[in-house]
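Next come the chains, spelled out residue by residue.
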Amino acid sequence: MSTILNLFQDQYPSSPPLWFMRQAGRYLPEYRDVRKICQSFLDLCYTPDLAAKVTLQPLDRFDLDAAILFSDILVVPHALGQHVSFEETKGPLLSSLSLSSYQESLNFEQITQNLKPTYETIELVKEKLPSTTAFIGFAGAPWTLALYMLEGQGSRDFAKAKQQAFEQEDKFTQFLDKLVEAVSSHLIAQVTYGVNVLQLFDTWAGLCPATHFEKWILQPTSKLITLIKKSYPHVPIIGFPKGIGQNLVDYGRFSGVSALSLDAVTPLSWAAKVLPQELVLQGNMDPVMLVSGGYALENTVQVIHEQMNKRPYIFNLGHGILPRTPIKNVEDCIKWVRRLR
Ligand code: CP3
């Protein structure tokens, strides 16, 4: 069977390997059952046997080529000492943090110690996972983490965080450097404990102005990848710089990623043409298409395949699975991907 791992080993399967961003989550009744017995979402992330169970749930149900560690990008700010909680209707809430005082309120030394439960989760999953199934570890990219940390919550424009960044540009750049170190140590530890692919989520990369793209997205990402490659030169790293448009060309060429996860608005035929041939592409079906299902979904699977134009790619969504996604549509989608040639 085709796997993500053999894609990274230069063996191109005829039908693409597949997994889904947020494949473990609220659209699965068995996830909701486990979630109910935990006080908070972070409790679930930090309880290794439950986090391992939830990681494996989508693989028990569906024919997928990868497991993704069950955790969250915001465990990094939490492990650095910022208060983080997840409210049912409001999304994540973080205690306030400013560029002038973060050094006093955060502790950059303890991160991997504080994230031990996550590494234990990896060991538990690894025991159960077939060796042909890729095991993806992940973290948020420095820019996206910095936005959440300075904004204190999710936002459409992260204007409060960006204003701080613009007003104290040097301090913000130093803050990103500290996050590069923290994120790299977390990703390196994940590989040490057993994941064999990494994905870097830069969900809000599209909010970085073009004038600062090189300084705040490209340089921190490439520093981060250089640090990881010093410890693990061969681990494949998938970058997901959502919403960056034409800057994908520079990101693909200069960040050091092995693969690029494309959002749903990126034209695949353009990406397949302008991005270096050795980069594996991933994506990019609209998550709402998986909610809709039926003929539109079947057709879109075919169109994505044709637009990739025989280039090695991993079938995935352009963003995470939505909680209202019908399970039948996920099953159909997998069936239709498996018969592509
Ligand atoms: O299956 C997987 O993909 C692995 C687990 C995973 C989660 N979050 C679990 C989760 C991964 C890879 C993430 C990444 C993540 N988390 C991102 C980057 C990708 C993206 O979706 O843009 C971001 C920005 C976050 C931060 C975050 N976590 C937000 C904004 C929210 C609230 C919104 C929401 O969907 O509820 C979360 C909570 C969260 N993370 C849930 C899950 C399953 C839902 C919470 C719950 O079950 O109570």
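From a predicted model like this one, the values you see are computed outputs, not experimental measurements.

Draft legend 1. Representation of the sheet that holds strand β9 (residues 313-317) within the structure. Pairing in this open sheet of seven strands is parallel, and the strands run β1-β4-β5-β6-β7-β8-β9 from one edge to the other. Edge positions in the sheet fall to β1 (66-68) and β9, since each of these pairs with one other strand and no more. Adjacent strand axes in the sheet meet at a mean angle of 25° when their direction is disregarded. Contacting β4 (134-140) and β5 (197-202), helix α11 (residues 169-193) crosses the sheet at an angle of about 165° to β4. Strands in contact with helix α12 (residues 213-231) are β5 and β6 (237-241); relative to β5, the strand with the most contacts, it is inclined by about 160°.

Draft legend 2. Broad picture of α11. Over its 25 residues, α11 extends 36 Å from the first C-alpha to the last, a length consistent with the 36 Å expected when each residue adds 1.5 Å. One or two positions beyond α11, positive phi appears at G194, with a value near 140°.

Draft legend 3. Local environment of the environment of F62. Relative to the assigned elements, F62 resides in the loop between α4 (48-61) and β1. Sequence separation between F62 and K335 is 273 residues; the distance between their C-alpha atoms is 9.9 Å. Not counting chain neighbours up to four residues away, the residues in contact with F62 comprise Y27, L28, I327, V330, E331 and I334.

Draft legend 4. Here's a closer look at the environment of R35. Take R35: it is sitting in helix α2 (residues 29-36). Overall, R35 belongs to the partly exposed group, its relative accessible area being 22%. The spacing of R35 and L50 is 15 residues in sequence and 8.9 Å in space, taken between C-alpha atoms. Filtering out sequence-adjacent residues up to four positions away, R35 remains in contact with S40, F41 and L44.

Draft legend 5. Seen up close, the site of the ligand. The local shell around the ligand holds 20 residues, among which R22, R26, Y31, D72 and H319 are the closest. Residue T203 places a side-chain N or O atom 2.9 Å away from an oxygen atom belonging to the ligand. Split into classes, the residues belonging to the shell around the ligand amount to twelve nonpolar, four polar and four charged.

Draft legend 6. Region of interest: the side chain of S258. Checked against the element boundaries, S258 lands in the loop between α13 (248-254) and β7 (259-261). Within the local environment of S258, its side chain forms a polar contact with the backbone nitrogen of I237, the two atoms lying 2.8 Å apart. Residues in contact with S258, not counting those within four places in the same chain, are F8, K229, V235, P236, I237, E278, L279 and V280.

Draft legend 7. Layout of the pairing of β4. With respect to burial, β4 is a largely interior element, seven of its seven residues being buried. The alternating pattern of β4 places A134, I136, F138 and G140 and F135, G137 and A139 on opposite faces, both of which are buried. Where β1 meets β4, three bridges bridge the pair, whose relative direction is parallel. Looking at β4, one finds that A66 is bridged to A134. Taken together, the five bridges between β4 and β5 define a ladder with parallel strand orientation. Counted as the bridge partner of I136 is V197 from β5.

Draft legend 8. Representation of the nonpolar core in the model. Judged by nonpolar contacts, the single largest core of 126 residues is most densely connected at F20, F172, F175 and F315. Setting aside anything within four residues of it in sequence, one finds F20 in contact with L64, L290, F315, N316, L317, I321, V330, C333 and I334.

Draft legend 9. Representation of helix α16 (residues 294-307) in the model. With 14 residues, α16 extends 20 Å between its outermost C-alpha atoms, agreeing within 8% with the 20 Å of an ideal straight helix rising 1.5 Å per residue. Among the residues making up α16, those that are buried are L297, T300, V301, I304 and H305. Down the axis of α16, the sector holding all buried residues measures 135°, keeping them to one side. Those residues of α16 that are exposed and angled more than 90 degrees off the buried face are Y295 and E306. Where α16 is buried, its residues contact α14 (268-274), β8 (280-285), α15 (287-292), β9 and α17 (327-338). At the C-terminal side of α16, N309 shows a positive phi close to 55°.

Draft legend 10. Structural view of the environment of W19. Within the element layout of this structure, W19 appears in the loop between α1 (4-8) and α2. By relative accessible area, which is 0% here, W19 ends up buried. Separated by 315 residues in the primary sequence, W19 and I334 have C-alpha atoms spaced 9.0 Å apart. Among residues more than four places away in sequence, those in contact with W19 are I4, L64, A66, I68, I136, Q199, Q282, I314, F315 and N316.

Conventions adopted
Residues numbered from 1 in each chain as written. Predicted model: local features only at pLDDT ≥ 70, side-chain atom pairs only at ≥ 80, totals over all residues. Heavy atoms only, no water. Pairing = 2+ DSSP bridges. Helix = DSSP H or I, 4+ residues; strand = E, 2+ residues; numbered from the N terminus. Axes fitted to C-alpha atoms, helices over the stretch in contact; angles between N-to-C directions. Contact = heavy atoms within 4.5 Å. Expected span 1.5 Å × (residues − 1). Buried < 20%, exposed > 50% of the residue type's maximum accessible area, 1.4 Å probe, protein only. Near = heavy atom within 4 Å. Polar contact = N/O pair within 3.5 Å; in protein donor to acceptor, adjacent residues only side chain to side chain. Nonpolar A, V, L, I, M, F, W, Y, C, P; charged D, E, K, R; others polar. Core = buried A, V, L, I, M, F, W, Y, C linked by side-chain atoms within 4.5 Å. Arc of directions from axis to C-beta.

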